[in-house]
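Tertiary structure, described
Chain by chain, the residues:
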Amino acid sequence: MERNVCIIAGGMSQWGVRQASQRDVFQEAGKACFETIPALSNKDVDGLIVASAYTERCSFQTHLAPVIAEYLGIKPRNICARVELLCASGSSGIILAYGLVKAGIADVVMVIGGEKLYTPQRWEIQYSELASVDHDWDGSQGLGLPPPAFSMVAQQHMKKFGTTEEQLALVSVKNRRNGLNNPKGQFQQEITLEEALSAKAIVPPLKLYDCCPVTDGAAAVILACEEKAKYYTDKPLVYIKGTGQATVNNMSANMPDWTTWEALKIAAKQAYEKAGVKPSDIDVAQTHDCFTISEIIEYEDLGFCEKGEGGLFIQEGRSDFGGVVPVNTDGGLLSCGHPFGGTGIRQGMEIMKQLRGEAVRQVEGARTGLTHNLSGFIAAHTVLIYGRDI
Amino acid sequence: MRGISVLNGRYAVTMDMYPLQSKEFNRIYKFYDHLREGRFTTTKCNDCGVRSFPPRVICPECLSENLEWVDLPTEGTVKVVTEEVVGVPLGFENPLIHALIDLEGQLTHFARIINCQTGELKEGDRVKMAVFPVDPVPVDGKRGEFVEMERVFYAFEKVK
């Protein structure tokens with residue numbers, strides 16, 4: 001008995017450098033989510049999936065899901081567990097909740113994810129991230145924080161396809177502008193192309209605005225079977241249509257190709273096939289713009305343009321409002337920030353709003369949307385496709 | 001000793017950035033023994049012939065445990081250089097330089113480059129493996145005394 005599954009609510013805490021604890025931001029996100037669906041109370045939720053990567057390291061808290069359940073007044077009966085896939089923890093949680101609801105194991109599941117990354121000692125952030133790659137092999141080479149890897153990717157993409165620093169910067173300019181649509185994001189300031197190009201170097205050619213920031217925050221969505229969705233909300237139904245999650249290597253030495261992301265192509269193919277749609281059917285997308293070069297490669301490997309044309313795609317405005325497929329309409333990671341477990345959930349929430357026609361800045365008539373995360377050392381990719389039609 | 005008073009100066013080994021290398025904690029300890037001899041090695045499957053990196057205790061292709069140690073080249077050619085100037089993790093020099101290295105067509109390794117200045121390393125340069133000591137780890141011995149676990153690790157440096 002396979003059931004249709006809908007995303008029926010979403011909310012997020014304020015994201016940024018927060019004067020708040022891990023459990024504070026999770027409470028804020030949970031409350032913001034419940035407030036968007038008045039007919040549903042915390043007592044109606046029968047499953048809880050919590051997405052968080054650095055809970056043990058930064059908050060010394062394992063067994064996190066029951067902590068969050070208790071704080072949000074949720075008493076799950078069918079699932080109460082945490083999922084971790086670093087930057088894709090949130091979308092992994094959504095995929096798992098989708099499967100459980102589809103299979104009839106749970107009816108109404110909250111997926112809530114986030115991180116508290118700023119600790120009193122700032123050095124801990126960079127040091128802790130040595131755990132995010134293969135610790136014994138890449139971490140011990142000092143490859144914890146991702147900028148060196150993405151600098152290397154950018155250099156190769158520029159050399160192979162002629163992508164320019166200006167094209168990289170344009171991704172950041174667009175996403176900062178789109179970030180004005182999200183008052184809960186980390187940044188609400190536009191930047192100019194000149195500011196982006198003259199910003200301080202992080203790992204050349206990547207400069208300050210080419211990199212997403214470190215962020216505290218959380219986000220939550222609620223998934224329900226179609227029958228319950230109709231009961232709890234009068235808003236247009238948004239279905240999860242297809243998913244894919246793929247990995248072909250973890251350690252950097254085993255990466256098959258740095259400028260064509262094979263695992264992304266596999267994950268996208270799975271999601272498109274299950275959803276029964278093509279790249280040209282996608283009306284709006286939230287992709288993993290951890291670095292500007294990432295978004296450019298994602299246009300290509302998601303099939304929005306030909307390989308090597310990602311730079312032109314941004315330059316010609318094809319990923320902006322009015323273009324072929326507006327990407328990162330709420331500001332993406334570059335503007336909203338990136339509390340790992342929260343990101344995929346924020347993306348799902350923005351797609352839900354776009355497909356309902358209630359986004360802060362709306363893609364007119366959007367009926368099919370896509371989210372994408374990469375995680376770790378470009379080691380895994382996660383794609384979900386949402387739609388008004390099933 | 002400043003720090004966490006309850007830990008009374010104890011060292012939290014699980015926060016260490018280098019792997020545990022002794023026989024008591026690692027079945028691939030020979031890799032580190034080989035490093036001390038100046039050899040860069042990995043495991044190869046005697047059943048299906050697949051060579052893996054990093055070294056394993058089972059073959060990821062056919063799941064055989066019948067593995068042998070083989071040598072990898074200790075010299076290679078630089079393909080891409082990255083110079084990290086902001087966000088370098090504690091324990092690494094600033095700027096932190098990495099390079100994608102082609103080890104004679106046998107392995108492409110994204111590795112740390114030591115003894116190198118900004119702007120010094122370029123595509124096409126030759127680099128060689130450099131082994132260096134890292135802090136030993138105190139291991140609980142019998143009757144409460146500590147035994148020091150000596151450790152080494154590797155990076156690459158420019159062939160001059």
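Residue numbers here run from 1 along each chain, matching the order of that chain's written sequence. Throughout, the order in which chains and ligands are written sets their labels, letters from A for the former and numbers from 1 for the latter. Only residues with pLDDT of at least 70 get local features here, since the model is predicted, and only at 80 or more are side-chain atom pairs given and counted; chain-wide, interface and lining totals rely on the full set of residues.

Observations concerning the overall build of chain A
Check the secondary structure of chain A and you find 14 helices and 11 strands. Dimensions of chain A, computed from C-alpha atoms along their principal axes, come out at roughly 55 × 45 × 40 Å. Relative to its 390 residues, chain A shows a buried fraction of 63%. In chain A, of all internal contacts separated by at least 6 residues, the share reaching a separation of at least 24 is 77%. Counting from the N terminus, the helices are DSSP H or I runs at least four residues long and the strands are E runs at least two residues long. Exposure is read from a count of other C-beta atoms within 10 Å of each residue's own; the residue is exposed at 12 or fewer, buried at 20 or more and partly exposed in between. C-beta atoms are placed from the backbone. What counts as a contact here is a pair of residues whose C-beta atoms, placed from the backbone, lie within 7 Å.

Quick word on the environment of Gln27 of chain A
Residues and elements named next belong to chain A. By the element assignment, Gln27 lies in helix 1 (residues 22-35). Counting along the chain gives 45 residues from Gln27 to Leu72, while the straight-line C-alpha distance between them is 6.3 Å. If near-sequence neighbours (up to four positions away) are discounted, Gln27 is found in contact with Tyr71 and Leu72.

What about the environment of Thr243 of chain A?
All names here are of chain A. Checked against the element boundaries, Thr243 lands in strand 8 (residues 239-246). Taking the C-alpha atoms as reference points, Thr243 and Leu370, separated by 127 residues in sequence, lie 9.6 Å from one another. Each residue touching Thr243, except ones within four places of it in the same chain, is listed here: Ile95, Tyr98, Ala271, Lys274, Val383 and Leu384.

Focus on the interface of chain B and chain A
With 26 residues of chain B at the contact, the number on the chain A side is 26 residues. For the side of chain B that touches chain A, the elements supplying multiple residues, two or more each, are strand 4 (75-84), strand 5 (96-102), strand 6 (108-113) and strand 8 (146-158) of chain B. It is strand 6 of chain B that contributes the most residues to the side of chain B that touches chain A, five residues altogether. Of the residues that constitute the side of chain B that touches chain A, the class distribution is 18 nonpolar, five polar and three charged. Here the term charged refers only to Asp, Glu, Lys and Arg, the term nonpolar to Ala, Val, Leu, Ile, Met, Phe, Trp, Tyr, Cys and Pro, and the term polar to all other amino acids, Gly among them.

Some details on unusual backbone geometry
Here the bond from Phe53 of chain B into Pro54 of chain B is cis, since omega is -5°, no more than 30 degrees from zero. Tracing the chain through its elements places Pro54 of chain B in the loop between strand 2 (51-52) and strand 3 (67-72). Backbone torsion omega between Asn94 of chain B and Pro95 of chain B reads 0°, so that peptide bond is classified as cis. Position of Pro95 of chain B relative to the elements: it lies in the loop between strand 4 and strand 5. Located in the positive-phi region is Leu86 of chain A, a residue other than glycine, with phi close to 40°. Tracing the backbone through its elements, the reader meets Leu86 of chain A in the loop between strand 3 (79-83) and helix 4 (89-103). The backbone of Asn115 of chain B shows a phi angle near 55°, a positive value even though the residue is not glycine. Since 14 C-beta atoms lie within 10 Å of it, Asn115 of chain B is described here as partly exposed.

Here we look at the pairing of strand 1 (residues 40-45) of chain B
Residue and element names in this part refer to chain B. A large share of strand 1 lies buried, amounting to five of its six residues. Pairing of strand 1 with strand 2 involves two bridges; the strand directions are antiparallel. Counterpart to Lys44 in the pairing with strand 2 is Arg51. Pairing between strands requires that DSSP locate at least two bridges from one strand to the other. The turn linking strand 1 back onto strand 2 is made up of five residues, and Gly49 within it adopts a positive phi angle of 85°.

Describing the environment of Thr36 of chain A
All names here are of chain A. Within the secondary structure, Thr36 sits in the loop between helix 1 and strand 2 (47-51). Taking the C-alpha atoms as reference points, Thr36 and Gly11, separated by 25 residues in sequence, lie 7.3 Å from one another. The contacts of Thr36, once residues within four sequence positions are left out, are Ala9, Gly10 and Gly11.

Digging into the packing of helix 7 (residues 165-178) of chain A against helix 11 (residues 292-301) of chain A
Residue and element names in this part refer to chain A. Two numbers describe how helix 7 lies on helix 11: the axes approach to 8 Å, and their chain directions differ by 95°. It follows that helix 7 is roughly perpendicular to helix 11 by the angle criterion. The segment helix 7 lies against helix 11, with Gln167, Leu168, Ala169, Val171 and Ser172 engaging Thr292, Ile293, Glu295 and Ile296. Split by residue class, the contact of helix 7 with helix 11 holds five nonpolar, three polar and one charged. Angles shown run from 0 to 180 degrees and are taken between the N-to-C directions of axes, each axis being a line fitted to C-alpha atoms and, for helices, limited to the stretch in contact. Should an angle fall under 35 degrees it is called roughly parallel, over 145 degrees roughly antiparallel, and 65 to 115 degrees roughly perpendicular, with every other angle called oblique.

Description of the domain arrangement of chain A
All names here are of chain A. Per the annotation, domain bounds derive from an automatic or database assignment of domains. Per the domain assignment, the segments of chain A are domain 1 (5-121 + 215-232) and domain 2 (143-213 + 241-387). Each of domain 1 and domain 2 was reduced to a C-alpha centroid, and the two centroids are 23 Å apart. Contacts between domain 1 and domain 2 engage 33 residues on the former and 31 residues on the latter. Those elements that place two or more of their residues in the side of domain 1 that touches domain 2 are strand 1 (5-12), helix 4, strand 4 (108-115) and strand 7 (217-225). The leading source of residues in the side of domain 1 that touches domain 2 is helix 4, at seven residues. Classifying every residue of the side of domain 1 that touches domain 2 by side-chain character gives 19 nonpolar, 12 polar and two charged.

Describing the nonpolar core
Buried Ala, Val, Leu, Ile, Met, Phe, Trp, Tyr and Cys residues form a nonpolar core when they are connected through C-beta atoms within 7 Å. With 144 residues, the main nonpolar core has Val109, Val111, Val221 and Leu223 of chain A as its most contacted residues. Leave out the neighbours within four places in its chain, and Val111 of chain A touches Ile49, Ala51, Gly93, Ile94, Ala97, Ala220, Val221, Leu223 and Ile345 of chain A.

Section: the sheet that holds strand 2 of chain B
Strands in a sheet are paired, the pairing made by backbone hydrogen bonds, and the direction either parallel or antiparallel. Overall, antiparallel pairing links the three strands, which are arranged 2-1-3 (chain B) in an open sheet. Both edges of this open sheet fall to strand 2 and strand 3 of chain B, since each of them pairs with a single strand only.

Some details on helix 1 of chain A
Residues and elements named next belong to chain A. By definition here, a helix of n residues has an expected span of 1.5 Å times n minus one. Its 14 residues place the ends of helix 1 20 Å apart at the C-alpha level, agreeing with the 20 Å of an ideal helix rising 1.5 Å per residue. Within helix 1 the residues assigned to the buried category are Gln22, Val25, Phe26, Glu28, Ala29, Gly30, Ala32, Cys33 and Phe34. In this structure, the buried side of helix 1 is in contact with strand 1, helix 2 (55-59), helix 3 (64-72), strand 4 and strand 7.

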